[in-house]
Amino acid sequence: MARLLFLFLPGLVAICAVHGIFMDRLASKKLCADDECVYTISLARAQEDYNAPDCRFINVKKGQRIYVYSKLVKENEAGEFWAGSVYANQSGDEMGTVGYFPSNLVQEQHVYQEATKEVPTTDIDFFCE
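Residues numbered from 1 in each chain as written. Predicted model: local features only at pLDDT ≥ 70, side-chain atom pairs only at ≥ 80, totals over all residues. Heavy atoms only, no water.

When helices and strands are counted, the protein chain shows zero helices and 11 strands. When the helices and strands of the protein chain are read in sequence order from the N terminus, they spell out β-β-β-β-β-β-β-β-β-β-β. Looking at the protein chain as a whole, 36% of its 129 residues qualify as buried. Partitioning the intrachain contacts of the protein chain with sequence separation of at least 6 by distance along the chain shows that 61% fall at a separation of at least 24. If you sum the accessible surface of the protein chain, you get close to 8,000 Å²; carbon and sulfur atoms cover 51% of it. (Helix = DSSP H or I, 4+ residues; strand = E, 2+ residues; numbered from the N terminus. Buried < 20%, exposed > 50% of the residue type's maximum accessible area, 1.4 Å probe, protein only. Contact = heavy atoms within 4.5 Å. Areas by Shrake-Rupley, 256 points an atom, 1.4 Å probe, with all protein chains shown as cover.)

Shown next, in the form of structure tokens:
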């Protein structure tokens, strides 16, 4: 199903036809290195395999490195999830795909910047194509 996505930037409005679905939010806030959540927080290594339960998440294999971009603020009984992308993959099928994964799945190996900015999540954070 095609949806219209409106992007508002100072002095610019863009309308795009997008195929996908807005999924339920996993959290209402996230921690980032900056106000726009564009800088990499850390590089982590997966300690075990993880199979994504739906399109909001990424598949991860044990030993893969993952760039971490944001950390969802845990709410109620929800698990703690981080957003990132696989750094390298022999088959290349997940490389560059951004999605969520359980934080207890990985061990941070290098912290580039501390995640100190609390930012509200938006619908687009949980959009699936």
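Going through the model one piece at a time under the given rule, you end up with five aromatic pairs. Considering the side-chain rings of Trp-82 and Phe-101, the 6.4 Å spacing of their centres and the 80 degrees angle between planes classify their relative orientation as edge-to-face. Highlighted residues: Trp-82 in strand 7 (residues 81–86) and Phe-101 in strand 8 (residues 98–102), separated in sequence by 19 residues. Residue class for Trp-82 comes out buried when judged on its relative accessible area of 8%. When its relative accessible area of 0% is taken as the criterion, Phe-101 is described as buried. Measuring from centroid to centroid gives 5.4 Å for Tyr-100 and Phe-126, while their planes differ by 20 degrees, and the two rings are stacked. Of this pair, Tyr-100 sits in strand 8 while Phe-126 is found in the loop between strand 10 (117–120) and strand 11 (127–128), placing the two residues 26 residues apart along the sequence. Accessibility classification places Tyr-100 together with Phe-126 in one group, the buried group. Pairwise contacts between aromatic rings join Tyr-50, Phe-57 and Phe-81 into one cluster. Of note, Lys-71 hangs over the ring of Trp-82, and the distance from its end group to the ring centre comes to 4.2 Å. (Phe/Tyr/Trp six-rings, centres within 6.5 Å; stacked < 30°, edge-to-face > 60°. Lys NZ or Arg CZ within 6 Å of the ring centre and 35° of its normal.)

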